[in-house]
Amino acid sequence: MKQTTITCILLLVLANSSLAQPDSASISTRIRAAADSMLTAFRQKDYRTFARFNNENLVEALGGEENFAAFMDKQIKSMEGLEFMEIRTGRIIRILPYRNTWQCIVEQQSQINMEGHVMSSISHLVGLSADGGYTWHFADANQGTLEQFRTIMPELNPAMPIPKKKLVTDKTLDQLLADYQTSYLP
């Protein structure tokens, strides 16, 4: 009887610990869903929803969701002659637990037309989840310097390698992806 009780307790402990640790497949699914939802909001010019998926420090630095949405609207309107032909989530490059968070790097692939010139790019979003991988907030790691980025996301794992942005002109996104190799910032 005592052996059965100990075995039951051990099984309960093991079951609870496995439930507490989400698996990387379910986290990957949630990352992709959040990144896709963020980019859908961007394409639809729904900048309030877009703000909800952005890094909270960045949104607060711009004065909250309303001001962030107004800022995005103004920025996009100021880029006359710019047409987003395609913007999508690419590969999830890295997923790491760090302290009490999950962190990831996701490719953001885009193709724009600017005054008759095609420009394609692969930039990188750093995602942060503070609730075990269920909700995600992103920031573009390829804006400004790495030191500037760390002021927006101070909780970033210092060992997280940040890929370099790749921007080409007069190539479609498919042409860029055909020979793309990820390289990292120093």
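Small disclaimer: the values here were computed from a predicted structure and weren't measured.

Conventions used here
- Residues numbered from 1 in each chain as written.
- Predicted model: local features only at pLDDT ≥ 70, side-chain atom pairs only at ≥ 80, totals over all residues.
- Heavy atoms only, no water.
- Salt bridge = Lys/Arg side-chain N within 4 Å of Asp/Glu carboxyl O.
- Helix = DSSP H or I, 4+ residues; strand = E, 2+ residues; numbered from the N terminus.
- Buried < 20%, exposed > 50% of the residue type's maximum accessible area, 1.4 Å probe, protein only.
- Polar contact = N/O pair within 3.5 Å; in protein donor to acceptor, adjacent residues only side chain to side chain.
- Contact = heavy atoms within 4.5 Å.
- Expected span 1.5 Å × (residues − 1).
- Arc of directions from axis to C-beta.

Caption draft 1: Structural view of the pattern of salt bridges. Under the definition given, this model contains 6 salt bridges. One salt bridge in this structure joins Glu65 and Arg52, with 3.4 Å as the shortest N-O distance. Taken as a pair, Glu65 in helix 5 (residues 65–78) and Arg52 in helix 3 (residues 47–52) lie far apart in primary sequence, 13 residues in all. Relative accessible area serves as the criterion here: at 33%, Glu65 is assigned to the partly exposed category.

Caption draft 2: The side chain of Gln103, seen in detail. For Gln103, the location among the structural elements is in strand 2 (residues 101–114). A relative accessible area of 0% means that Gln103 is categorised as buried. At a separation of 3.2 Å, a polar atom in the side chain of Gln103 contacts the side chain of Thr101. Looking at Gln103, its side chain comes within polar contact range of the main-chain oxygen of Glu155, at 2.8 Å. If near-sequence neighbours (up to four positions away) are discounted, Gln103 is found in contact with Arg94, Ile95, Leu96, Tyr98, Gly127, Leu128, Trp136, Glu155, Leu156, Asn157 and Met160.

Caption draft 3: Looking closely at helix 2 (residues 24–43). The terminal C-alpha atoms of helix 2 lie 28 Å apart, and with 20 residues this matches the ideal 28 Å at 1.5 Å per residue to within 8%. Burial in helix 2 covers these residues: Ile27, Ile31, Ala34, Ala35, Met38, Leu39, Ala41 and Phe42. Looking straight down helix 2, one finds its buried side chains confined to an arc of 155°; they lie on one side. In this fold, the buried residues of helix 2 make contact with helix 3, helix 5, strand 1 (82–98), strand 2, strand 3 (117–129) and strand 4 (137–140). Positive phi shows up at Lys45, right after helix 2, with a value of about 60°.

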